[in-house]
Amino acid sequence: MDIAVVGTGYVGLVTGTCFADLGNTVTCIDNNSDKLAVLNKGQSPFYEPGLSERMTRSIRAGRLQFSADSDAAVMQASVVFIAVGTPPLPSGEADLSAVFAVADSILSYIQRHKKTLGFRVLVTKSTVPVGTGQQLMAKRDALGLSDDEVAIVSNPEFLREGTAIHDFFHPDRIVLGSSSEAGLDLVAQLYHPLYRRETPIVRTSIQTSELSKYAANAFLATKISFINEMANVCERTGADVADISKIMGLDGRIGRYFLHPGPGYGGSCFPKDTQALVQLAEKLDYSLEVVKAVEAVNDRQKAQVIPQLIQALGDDLTGKTIAILGLAFKPNTDDIREASSLVIITELLKRGARVQAVDPEVKRVPLFEGVAAFSIKESAYAAANQADALVLVTEWNAYRELNLTKIISCMRLPFFFDLRNVYTPTALKQAGFFAYVIGRSNTISEFETTSQSD
Ligand code: UGA
């Protein structure tokens, strides 16, 4: 099938590339000419394992192209995906101006050429608040176009950064929402190769489809904030959050995923989508108490390590050097949007500390550019050099098998803060560290006793 994808951000580029991989002819549209030049060479503007290889393969096979000409693409394509950004407005609501601008231009092109064009389907892939599809239908109707000429379909995206290609080909479900059976049929056909792997395709109303994406993300965020609170209770009671997660997860009704405690969730989705959902409900005169609490817990969790560091190093962090392992909001991505590392580093710099950070993919942080007390090192060992404490923020594989003896020998003081449960308290203790392992063990206060008795 011939398809067009408008917007070459995360969702658009992955979707377009994977549909091309399945044998479709895909044109990805973007209005940024510098970006188009990079894309046409098969290079992804962001780090996503496996993406560039697939782009190159499909470009060479003539199945994937990048262009600024949306009219030409819409002329060819029977299905047009809108995958532009929906960033938060200052109020927290999703900014839909890009979605509407793209939809207006496509719909008016179709209206001008409706005699020659056949049936077209306009699909929203971007995460859009419930009601957006109905607004698009109203725009279509206002142009005198019918459901038989242009169907509006909602098809939310559930893929995760870092595992996006795998998620595209192995989705838990495909959600399609529309009032047009023909529209649903055509988009379902595109996903047919995945259906053979028994992927359930859920056909529903456009409102349900739109809301399902927010519901899923808000629920996953709820699981994370819940386990983070349990970790905080574990720390105060001597219970072990790793075992709590395991025990809870073994209950099929709960499920074992998204029960890893950490320094709060980040990224471009959970923070934005929980906020937008709260705002949407607020506008409808409904207060979403659970989701509001999830956000509040997450905000608190991000800077949770600061009091722990103060316990280790004293109230005054001026001149102390802190090693930060991991800047990305999670492993296998170079994305630092809403990353907990930024909150932790900002607070440390405010308190006069020096920060030596390292990340396998993030090589610059615009927020700290020009800040003398902040530097990015080439390795975990270089980051730990002369550090008073080390904080493991993102659980990259590269930090899972550190030579702890080498790390401790680089450092000035033996404090290790593991915010992702990568190391066991025993392993850290054996290496000589006084450690805080989230929700499991905290031997920081033993340092003073030990050093006094030395
Ligand atoms: C999330 C959803 O998982 C996807 O299904 C969805 O399509 C996507 O948002 C989106 O709306 O576009 P993503 O933001 O890529 O995907 O990342 P996740 O893997 O969900 O992680 C989000 C954050 O939660 C990260 O900071 C991660 O470290 C944190 N997290 C995740 C935990 O702290 N604990 C966990 O158990 C899981």
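Only a predicted model underlies this, so the values are computations on that prediction, with no experimental measurement involved.

Student: An account of the overall build of the protein is needed here, citing residue identities and associated values.
Tutor: Along the backbone of the protein there are 19 helices and 15 strands. Relative to the 2.2 N^0.38 estimate, which gives 22 Å for 454 residues, the radius of gyration of the protein is 25 Å and therefore close to what a compact globule would have. Each of the 454 residues in the protein was classed as buried or not, and the buried ones make up 53%. Summarising the internal contacts of the protein: among those between residues at least 6 apart in sequence, 71% fall at separations of at least 24.

Student: Pulling in residues and values, what's your account of empty space enclosed by the protein?
Tutor: Here the structure, examined in full by the defined rule, presents two cavities of 30 Å³ or more. Taken as a whole, the largest cavity holds about 40 Å³ of empty space. In this structure, the largest cavity is lined by Gly262, Pro263, Gln301, Gln304, Val305, Leu419, Tyr436 and Ile438. By volume, the second largest cavity amounts to about 40 Å³. Lining of the second largest cavity is provided by Gly264, Gly266, Ala328, Phe329, Glu338, Ala339, Ser340, Ser341, Val393, Thr394 and Arg420.

Student: Can you break down unusual backbone geometry residue by residue, with the values?
Tutor: One non-glycine residue, Asp285, lies in the positive phi region at around 65°. Within the element layout of this structure, Asp285 appears in the loop between helix H12 (270-283) and helix H13 (289-302). On the accessibility criterion, Asp285 (74% relative accessible area) is exposed. Unlike most non-glycine residues, Glu338 shows phi in positive territory, near 55°. If you trace the backbone, Glu338 turns up in the loop between strand E9 (321-325) and helix H15 (340-350). Residue classification places Glu338 among the partly exposed positions, given a relative accessible area of 46%.

Student: Outline the site of the ligand, supporting the account with residue identities and numerical values.
Tutor: With respect to spatial proximity, 19 residues lie near the ligand, and among them Phe158, Leu159, Glu161, Lys213 and Asn217 are the closest. One nitrogen or oxygen atom from the main chain of Glu161 is found 2.7 Å from an oxygen atom belonging to the ligand. Between the ligand and the protein, one listed contact pairs an oxygen atom with a side-chain N or O atom of Lys213 at 2.6 Å. Bound to the protein, the ligand loses 92% of the 720 Å² it would expose on its own. Counting only elements with at least two residues in the shell around the ligand, the list comes to helix H10 (206-237) and H12. Taken together, the residues of the shell around the ligand break down into nine nonpolar, three polar and seven charged.

Student: Outline the packing of helix H6 (residues 132-142) against H10, supporting the account with residue identities and numerical values.
Tutor: Look at H6 against H10: their axes get within 8 Å of each other, and the N-to-C directions meet at 140°. Relative to H10, the element H6 is oriented oblique. Residues Thr132, Gly133, Gln134 and Met137 of H6 lie in contact with H10, whose contacting residues are Ile206, Gln207 and Glu210. Here the residues of the contact of H6 with H10 are counted per class, giving two nonpolar, four polar and one charged.

Student: Residues and numbers for the side chain of Thr15, please.
Tutor: The topology assignment puts Thr15 in helix H1 (residues 10-21). Take Thr15: its relative accessible area is 0%, and that puts it in the buried class. Discounting residues that sit within four places of it in the chain, Thr15 has contacts with Lys125, Glu157 and Phe168.

Student: Residues and numbers for the pattern of salt bridges, please.
Tutor: For the structure shown, the criterion picks out 24 salt bridges. Linking Lys350 and Glu347 is a salt bridge whose minimum nitrogen-to-oxygen distance equals 3.2 Å. One end of the pair is Lys350 and the other is Glu347, both in helix H15 and three residues apart, which spans about a single turn. The exposure class assigned to Lys350 is exposed, which follows from its relative accessible area of 65%. Counted as one network, the salt bridges with shared partners bring together Asp21, Arg54 and Arg57.

Student: A description of the sheet that holds strand E13 (residues 415-418) should follow, citing residues and the corresponding values.
Tutor: One key point about sheets: their strands pair by backbone hydrogen bonds, in either a parallel or an antiparallel sense. Here seven strands make up an open sheet; going across it, the order is E11-E10-E9-E12-E13-E14-E15 and the pairing mixed. The open sheet has two free edges, formed respectively by strand E11 (374-376) and strand E15 (441-442), since each of these has just one partner strand. Note: strand E14 (residues 434-437) against E15, two bridges, orientation antiparallel. Its bridge partner lying in E15, Val437 is registered against Ser441. Helix-sheet contacts for helix H14 (residues 305-313) involve E9, strand E12 (389-392), E13, E14 and E15, and the interaxial angle to E13 is about 165°.

Student: I'd like a description of H15, backed by residues and values.
Tutor: In terms of burial, H15 is largely enclosed, as eight of its 11 residues are buried. When H15 is considered as a whole, its buried residues turn out to be Ser340, Ser341, Leu342, Ile344, Ile345, Glu347, Leu348 and Leu349. Each element contacted by the buried residues of H15 is listed here: H13, H14, E9, strand E10 (354-358) and E11. In the stretch just after H15, Gly352 is the one whose phi turns positive, near 85°.

Student: Residues and numbers for the packing of aromatic side chains, please.
Tutor: Across all of its chains, the model carries 14 aromatic pairs by this definition. Taking 4.7 Å as the distance between ring centres and 25° as the angle between the ring planes, the aromatic pair formed by Tyr10 and Phe46 counts as stacked. On the criterion of sequence distance, the pair formed by Tyr10 in helix H1 and Phe46 in the loop between helix H2 (33-40) and helix H3 (51-60) is long-range, its members being 36 residues apart. Each member of the pair, Tyr10 together with Phe46, is buried. Measuring from centroid to centroid gives 4.9 Å for Phe368 and Phe374, while their planes differ by 45°, and the two rings are tilted. Look at Phe368 and you get buried, because its relative accessible area is 5%. The class of Phe374 is buried, set by a relative accessible area of 10%. The ring of Phe158 has Arg173 sitting right over it, with the charged end atom 3.7 Å from the ring centre.

Thresholds, definitions, all that
Residues numbered from 1 in each chain as written. Predicted model: local features only at pLDDT ≥ 70, side-chain atom pairs only at ≥ 80, totals over all residues. Heavy atoms only, no water. Helix = DSSP H or I, 4+ residues; strand = E, 2+ residues; numbered from the N terminus. Rg over C-alpha atoms; globule rule 2.2 N^0.38 Å. Buried < 20%, exposed > 50% of the residue type's maximum accessible area, 1.4 Å probe, protein only. Contact = heavy atoms within 4.5 Å. 1 Å grid on protein atoms, 1.4 Å probe; cavity = no way out; pocket = protein on both sides within 12 Å on 5 of 7 lines; lining within 4 Å. Points joined across faces, edges and corners; volume = space filled by probe spheres on them. Near = heavy atom within 4 Å. Polar contact = N/O pair within 3.5 Å; in protein donor to acceptor, adjacent residues only side chain to side chain. Areas by Shrake-Rupley, 256 points an atom, 1.4 Å probe, with all protein chains shown as cover. Nonpolar A, V, L, I, M, F, W, Y, C, P; charged D, E, K, R; others polar. Axes fitted to C-alpha atoms, helices over the stretch in contact; angles between N-to-C directions. Parallel < 35°, antiparallel > 145°, perpendicular 65-115°, else oblique. Salt bridge = Lys/Arg side-chain N within 4 Å of Asp/Glu carboxyl O. Pairing = 2+ DSSP bridges. Phe/Tyr/Trp six-rings, centres within 6.5 Å; stacked < 30°, edge-to-face > 60°. Lys NZ or Arg CZ within 6 Å of the ring centre and 35° of its normal.

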